[in-house]
Amino acid sequence: MKIQLLGTAAAEGYPAIFCKCEACIRARQLGGKDIRTRTSAIIDDELKIDFPPDSFHHVLTYNLDLGRIQHLLCTHSHHDHFYPEDLTMRAPVFAHDIDYPLYIYGNDVVIYKCNQVIQFSKEAFKLRRIAPFITYTIGSFQVTPLLADHDKNETCFIFYIEKGNKSMLYGHDTGWFPPQTWSWLEYKKLDFVLLDCTHGLIPEKRNHLNIEGVKEIKAIFNAKGIIDETSKVVATHFSHNTKLSHAELKSLLNPFGIEVAYDGMVVNV
Ligand SMILES: [Zn+2]
Ligand SMILES: [Zn+2]
Ligand SMILES: [Zn+2]
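Residues numbered from 1 in each chain as written. Chains lettered and ligands numbered in written order. Predicted model: local features only at pLDDT ≥ 70, side-chain atom pairs only at ≥ 80, totals over all residues. Heavy atoms only, no water.

Going by the annotation in an unreviewed UniProt entry, the name recorded for the protein is Phosphoribosyl 1,2-cyclic phosphate phosphodiesterase, with Lederbergia wuyishanensis given as the source organism.

Structurally, the position occupied by Leu-169 is in strand β10 (residues 166-171). Apart from the residues lying within four places of it in its own chain, the contact partners of Leu-169 are Leu-146, Ile-158, Phe-159, Tyr-160, Phe-177, Leu-185, Leu-190, Phe-192, Val-193, Leu-194 and Phe-221. (Helix = DSSP H or I, 4+ residues; strand = E, 2+ residues; numbered from the N terminus. Contact = heavy atoms within 4.5 Å.)

As a further point, take the coordination of the zinc ion (ligand 2). Protein coordination at the zinc ion (ligand 2) comes from Cys-19 (SG), Cys-21 (SG), Cys-24 (SG) and His-240 (ND1), with a distance range of 2.0 to 2.4 Å. Here the zinc ion (ligand 2) binds four donor atoms, and the angle range of 102 to 117° at the metal identifies the geometry as tetrahedral. Along the chain, the residues donating to the zinc ion (ligand 2) are arranged with the sequence spacing C-x1-C-x2-C-x215-H. Comparing Cys-21 with Cys-24, the two get one shared label, buried. (Donors = N, O, S within 2.8 Å, 3.2 Å for Na, K, Ca; no water. Tetrahedral: all angles 85-135°; square planar, octahedral: opposite > 155°, others 65-115°. Buried < 20%, exposed > 50% of the residue type's maximum accessible area, 1.4 Å probe, protein only.)

It is worth spelling out the coordination of the zinc ion (ligand 1) at this point. Of the protein atoms, only Asp-80 (OD), His-81 (NE2), Asp-173 (OD) and His-237 (NE2) coordinate the zinc ion (ligand 1), at distances of 2.1 to 2.3 Å. Bound by four donor atoms, the zinc ion (ligand 1) shows angles of 90 to 155° at the metal and therefore irregular coordination geometry. Mapped onto the sequence, the donors of the zinc ion (ligand 1) take the spacing D-H-x91-D-x63-H. In this structure, the zinc ion (ligand 1) is positioned 3.6 Å from the zinc ion (ligand 3), and both are ligated by Asp-173. Of this pair, Asp-173 sits in the loop between β10 and α4 (179-185) while His-237 sits in the loop between β12 (232-236) and α6 (246-253), and the two are 64 residues apart along the sequence. An identical accessibility class is assigned to Asp-173 and His-237; each is buried.

This part covers the side chain of Asp-196. Looking at the secondary structure, you find Asp-196 in strand β11 (residues 192-196). Here the side chain of Asp-196 touches His-208 through a polar contact of 2.7 Å, side chain to side chain. Other than its neighbours up to four places away in sequence, Asp-196 contacts Gly-171, His-172, Asp-173, Thr-174, His-208, Leu-209, Val-214, Thr-236 and His-237. (Polar contact = N/O pair within 3.5 Å; in protein donor to acceptor, adjacent residues only side chain to side chain.)

Taking strand neighbours across the sheet as the criterion, the seven strands line up as β6-β5-β4-β3-β2-β1-β14 in an open arrangement whose pairing is mixed. Of all the strands in the sheet, just β6 (125-129) and β14 (266-268) have a single pairing partner and so form its edges. Going from strand to strand, the sheet's axes swing by 20° on average, the running direction of each strand aside. In this structure, strand β1 (residues 2-7) lies alongside β14, joined through three bridges in antiparallel fashion. Counterpart to Lys-2 in the pairing with β14 is Asn-268. (Pairing = 2+ DSSP bridges. Axes fitted to C-alpha atoms, helices over the stretch in contact; angles between N-to-C directions.)

Attention shifts here to the side chain of His-58. Tracing the sequence through the fold places His-58 in helix α2 (residues 55-62). Taking the relative accessible area as the measure of exposure, His-58 reaches 1% and is therefore buried. Within the local environment of His-58, its side chain forms a polar contact with the backbone oxygen of Leu-6, the two atoms lying 3.2 Å apart. In contact with His-58, not counting residues within four places along its chain, are Leu-6, Gly-7, Thr-37, Arg-38, Ser-40, Pro-52, Asn-63 and Leu-64.

A word on the packing of aromatic side chains. Using the criterion set out here, one finds seven aromatic pairs in the structure. For the ring pair Tyr-103 and Tyr-105, a centre distance of 6.5 Å and an interplane angle of 20° mean the geometry is stacked. Using a relative accessible area of 7% as the deciding quantity, one classes Tyr-105 as buried. Consider the rings of Phe-177 and Trp-182, whose centres lie 5.1 Å apart with planes at 50°: the pair is tilted. The class of Phe-177 is buried, set by a relative accessible area of 2%. One cation-aromatic arrangement involves Lys-188 over Trp-184; the distance from NZ or CZ to the ring centre is 4.0 Å. A cation sits over an aromatic face here: Lys-205 above Trp-176, 5.9 Å from the ring centre. (Phe/Tyr/Trp six-rings, centres within 6.5 Å; stacked < 30°, edge-to-face > 60°. Lys NZ or Arg CZ within 6 Å of the ring centre and 35° of its normal.)

See the structure below:
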């Protein structure tokens, strides 16, 4: 599997869109891997995960052929992951020569928000409501939504994704996994793990994870044999409130075998 990370910031972006804090000023000065946009990923150029408000920027930056994508998998409806107004740009008169629908998979809120904006372009979209702990065939992937610890107002998902003999966990947005998710992951194997690290060194592991939480989850996965020394573990979704630069995040995470995500990072497993 080829996992391309298009954005690696929390909701506000890093530097945050309006912010004048020291961390954001430093990020603007450093540039490069310290510039983080809102999160999304593409797996094997086929399966898009989330549709943030920075999607147009991602198309330009990574020269993406987004019209090719037929499957959009949504973790939850927060605006940094799901900006449905721009989805309408996939239908005429805003887009031409796409004669197949985009399948959108998500929870009740995602489907509801989609329905609010796509009523005049229904043939361009097929909406599929998904439920936790059921495995779905999506394109060439087997996808199982697992429960996240995130927003109590909707059923937020993280995803277990399999293709051939490879498997990965798309692990954000989430805090410490709910017990049902831990049980489901028991005896599974993961070649790639992407984990929420929104809080950095802030001592908080609910709703989003922090560095300590990511390290603890990696240690549990190791102890249970869910990952081994060939598996890759990457932390992502960083908030400016961490006040940590990319280099500082690396110095805190790399010694524990955890890589630090950056916009445009490609991981092959
Ligand atoms: Zn988020
Ligand atoms: Zn800031
Ligand atoms: Zn969220």
